[in-house]
Amino acid sequence: MRNVGLLLLGALAVRAAAFGFTQNFYGDAVVRTELGLRWASHPHWPTSFDDGVYQFGPLHIVLLGLVSKLWNAREDFGRALSLVCGVLTVVPVYALTRRLASGSASFAAGVVFVLWSLHIQFSTTAASEALSLLLTFGALYFFSRALQSQGAASWVSFVVLMNLAAATRYDVWLWVPALLLVQALAAPTLSDAFRRSLLIGLGLSVFPAVWCYGNYLAKGDWFFPLHYIEQYHRDWFPSQQALWGERDYRLQNLFFWPGVAVTTLGPLATLLALAGMARQGFTHRDGRWLLFLVVGGTAYFTVRSAWLGNFVPLSRFAVKEVALLVPFVAVGWDLLGALRAQGFAQAVRWVTMLTTLVLPLGLAVFTYQREGKWETSLRPISPVTTQPVELMKVANFLKHQVAAKGESVVLDTDRQQYRDVSLAFFSGLDEAHLARYRWDTFEESLKLTAPKYVVLIDGGELLQKGRVRPQGDRLRLDAWEFEPLPTFVAPFAVYVRTEPWQ
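Parameters and conventions
- Residues numbered from 1 in each chain as written.
- Predicted model: local features only at pLDDT ≥ 70, side-chain atom pairs only at ≥ 80, totals over all residues.
- Heavy atoms only, no water.
- Core = buried A, V, L, I, M, F, W, Y, C linked by side-chain atoms within 4.5 Å.
- Buried < 20%, exposed > 50% of the residue type's maximum accessible area, 1.4 Å probe, protein only.
- Helix = DSSP H or I, 4+ residues; strand = E, 2+ residues; numbered from the N terminus.
- Contact = heavy atoms within 4.5 Å.
- Expected span 1.5 Å × (residues − 1).
- Bend = angle between axes of the 7 residues up to and from the residue.
- Axes fitted to C-alpha atoms, helices over the stretch in contact; angles between N-to-C directions.
- Parallel < 35°, antiparallel > 145°, perpendicular 65-115°, else oblique.
- Left-handed = near helix turned anticlockwise from the far one by under 90°.
- Arc of directions from axis to C-beta.
- Phe/Tyr/Trp six-rings, centres within 6.5 Å; stacked < 30°, edge-to-face > 60°.
- Lys NZ or Arg CZ within 6 Å of the ring centre and 35° of its normal.
- Polar contact = N/O pair within 3.5 Å; in protein donor to acceptor, adjacent residues only side chain to side chain.
- Pairing = 2+ DSSP bridges.

**Student:** What exactly am I supposed to notice about the nonpolar core here?
**Tutor:** As a rule of thumb, nonpolar side chains are buried together in soluble globular proteins. Among the nonpolar cores identified, the biggest contains 102 residues, and Trp116, Leu140, Phe158, Met162, Leu179, Trp289 and Leu290 are the most heavily contacted of them. A total of 12 residues in this core trace back to one element, the largest contributor, which is helix H9 (residues 129–149). In this structure Trp289 touches Leu140, Phe143, Ser144, Leu147, Leu179 and Val182, once residues within four positions along its chain are discounted. The next biggest cluster of nonpolar side chains, apart from the first, holds 24 residues, and it includes Leu398, Phe425, Tyr453 and Phe492.

Below you can see the structure in the form of structure tokens.
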């Protein structure tokens, strides 16, 4: 209990410190927050893609809506939910790790998890990974207990938590057949394996079956959200491949998952995990199934991204497999105790802890509110994520100079990078004062808002589709004329109306 308490305090201290420097950015955090607010205005349990959650798992959206009713701080309530989930995840991580290694080794691995740069980011933004990891680690802990004790309570807890995890993120669904096979092989007799597999399989199918049926009724496709996501990645992959070059991009994808581990957990912690995996795989049966989850998930997404060319790897998609390295870090830590050269072993331990501490600090300092090729490349794995400086300059202007006066804005659409979504979110403007070209209600909103400002984005659709017409350095939108404000630079331009409504 002492170790758990110290880890909880450490996790809270680190994540609370990062919270004040972090903004919603990666992981669809902005969109999820807006969907949560929409749910809060009409509470219900979503039954399909069309029921207000789109391609996202419904549980996270519903929880965001519930939290917004308790604390309606638009930019922070979703982050607060992740903060709570992120801190609490320490408990099942330590408990699962303790089943494989000694208390001191499990504590050291817990420190690695507490300082893991990706998890710090997930704990301070309104993405779903913090909730997902809390539920999945909890489920795996009870699964580990159930394999050894065969107790009904552990099996029930595992099934419940896995259903909740499946309702949060779809990638957890890949684990269901693997875990069913593991428990079947661990059953004492063939009849026990069949009976238990049937009961547990039915239990694990509750949410997926209900969700798939709802999507079948709404879309005529049982797996519509999954197919939607897969099609998005198939369409996205060619542009990324063209950007990097086919050979370089596929080679990069081949090493993407281990690369995320090395650059976020740290090189020495990753080496300890690999040593622990080798030990469990070749000499110890307990916990070997965790190794299968890590290797299986990594192999599945690597084949799709490096060979089939239909999936764009992102750091948040590697999070489950990288997180499961933590218990093996503890096993590797214990292996150091068996070395004869204890001076060397202690040096490795100290350097591991040092790099584990320095890595997130270095990433945070290097990427915080900085723009550049390397800063942009490393920002997805940084413990602190911030919106681009120029974007927030526009958003703050809209919030403090426009929304505060009750004036209205026409907002361009950025189909490639979704910067208009972030601008709308951080602007503080409500829908009554914001005509968004992204929505099919744009023309109706335009008639009602009488906009004072227009915000254009490089490559945006207002100009591409001729909805606004340039006239020298000015713009024409219907009967209005707008002139540029000189304080804003590319990729954003802000125009203020010069002509009254005609």
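The rest of the description comes next.
**Student:** Got a minute to help me understand helix H14 (residues 224–244) in this structure?
**Tutor:** An α-helical segment advances 3.6 residues per turn. Residues three or four places apart therefore align on the same side. Between its first and last C-alpha, H14 extends 30 Å over 21 residues, near the 30 Å set by a 1.5 Å rise per residue. Along H14, the largest kink reaches about 30° and is centred on Trp236; proline Pro238 follows within four residues of it. Three or more residues of H14 are buried, namely Phe224, Pro225, His233, Phe237, Gln240 and Gln241. Each element contacted by the buried residues of H14 is listed here: helix H3 (49–53), helix H13 (206–219), helix H15 (246–254) and helix H18 (288–308). A positive phi of about 95° marks Gly245, the residue just after H14.

**Student:** Hey, could you run me through the packing of H18 against helix H20 (residues 325–336) in this one?
**Tutor:** To describe two helices that pack against each other, one gives the angle between their axes and the distance between the axes. Put simply, H18 and H20 touch, their axes get as near as 10 Å, and they point 130° apart. Comparing their axes, H20 and H18 come out oblique. Helix-helix and strand crossings are classified by hand; for H18 and H20 the assignment is left-handed. Counted together, Leu290, Leu291 and Val294 of H18 and Leu325, Pro327 and Phe328 of H20 form the full contact between these two elements.

**Student:** Help me understand helix H12 (residues 190–204), please; the structure alone is not making it clear to me.
**Tutor:** With 15 residues, H12 should cover 21 Å at 1.5 Å per step; its first-to-last C-alpha distance of 21 Å lies within 8% of that length. Among the residues of H12, Ala193, Arg196, Ile200, Gly201, Gly203 and Leu204 are the ones counted as buried. All buried residues of H12 fall inside an arc of 150° around its axis, so they share one side. Relative to its buried face, H12 has exposed residues pointing more than 90 degrees away, namely Ser191, Phe194, Leu199 and Leu202.

**Student:** Sorry if this is basic, but what is going on with the packing of aromatic side chains here?
**Tutor:** Between two aromatic rings, the relevant description is the distance of the centres plus the angle of the planes. Enumeration over the complete set of coordinates arrives at 29 aromatic pairs. An aromatic cluster of three or more residues is present, and its members are Phe256, Trp257, Tyr300, Phe301, Phe311 and Phe317. Here Arg38 stacks its cationic end above the ring of Trp439, 5.4 Å away from the centre of that ring. Residue placement shows Arg79 over the ring face of Phe19; its charged tip is 3.9 Å from the ring centre.

**Student:** Can you walk me through the side chain of Ser128 in this structure?
**Tutor:** Position of Ser128 among the secondary structure elements: in the loop between helix H8 (117–122) and H9. Since its relative accessible area comes to 0%, Ser128 is described here as buried. Side-chain polar atoms of Ser128 contact the side chain of Arg32, separated by 3.4 Å. Dropping the residues within four chain positions of it, Ser128 is found in contact with Arg32, His60, Thr168 and Arg169.

**Student:** Help me out: how do you make sense of the pairing of strand E3 (residues 453–457) in this one?
**Tutor:** It is a general feature of regular strands that their side chains alternate between the two faces of the sheet. Most of E3 sits out of view: five of its five residues are buried. Covered by surrounding structure in E3 are Tyr453, Val455 and Ile457 together with Val454 and Leu456, the residues of both alternating faces. Both E3 and strand E7 (residues 492–497) contribute to a ladder of five bridges, which runs antiparallel. Considered in E7, the bridge of Tyr453 is made with Val496.

**Student:** Explain the environment of Thr385 to me, please; I cannot follow it from the model alone.
**Tutor:** With respect to the secondary-structure elements, Thr385 resides in the loop between helix H22 (373–378) and helix H23 (389–402). With a relative accessible area of 0%, Thr385 lands in the buried category. Spatially, the C-alpha atom of Thr385 lies 13 Å from that of Ser422, the residues being 37 residues apart in sequence. Discounting residues that sit within four places of it in the chain, Thr385 has contacts with Phe21, Thr22, Gln23, Phe25, Tyr26, Gln121, Thr125 and Arg379.

**Student:** Sorry if this is basic, but what is going on with the sheet that holds strand E5 (residues 474–477) here?
**Tutor:** Hydrogen bonds between backbone atoms are what pair the strands of a sheet, whose relative direction is either parallel or antiparallel. Strand order in the open sheet made by the seven strands is E2-E1-E3-E7-E6-E5-E4, with mixed pairing throughout. Looking at which strands have only one partner, the edges of the open sheet turn out to be strand E2 (434–436) and strand E4 (469–471). Strand-to-strand twist of the sheet, defined as the mean angle between neighbouring strand axes without regard to direction, takes the value 30°. Pairing geometry for strand E6 (residues 480–484) and E7, over three bridges, is antiparallel. Bridged to Phe482 within E7 is Arg497. This element, H23, spans strand E1 (409–411), E3 and E7 of the sheet and lies at about 25° to E7.

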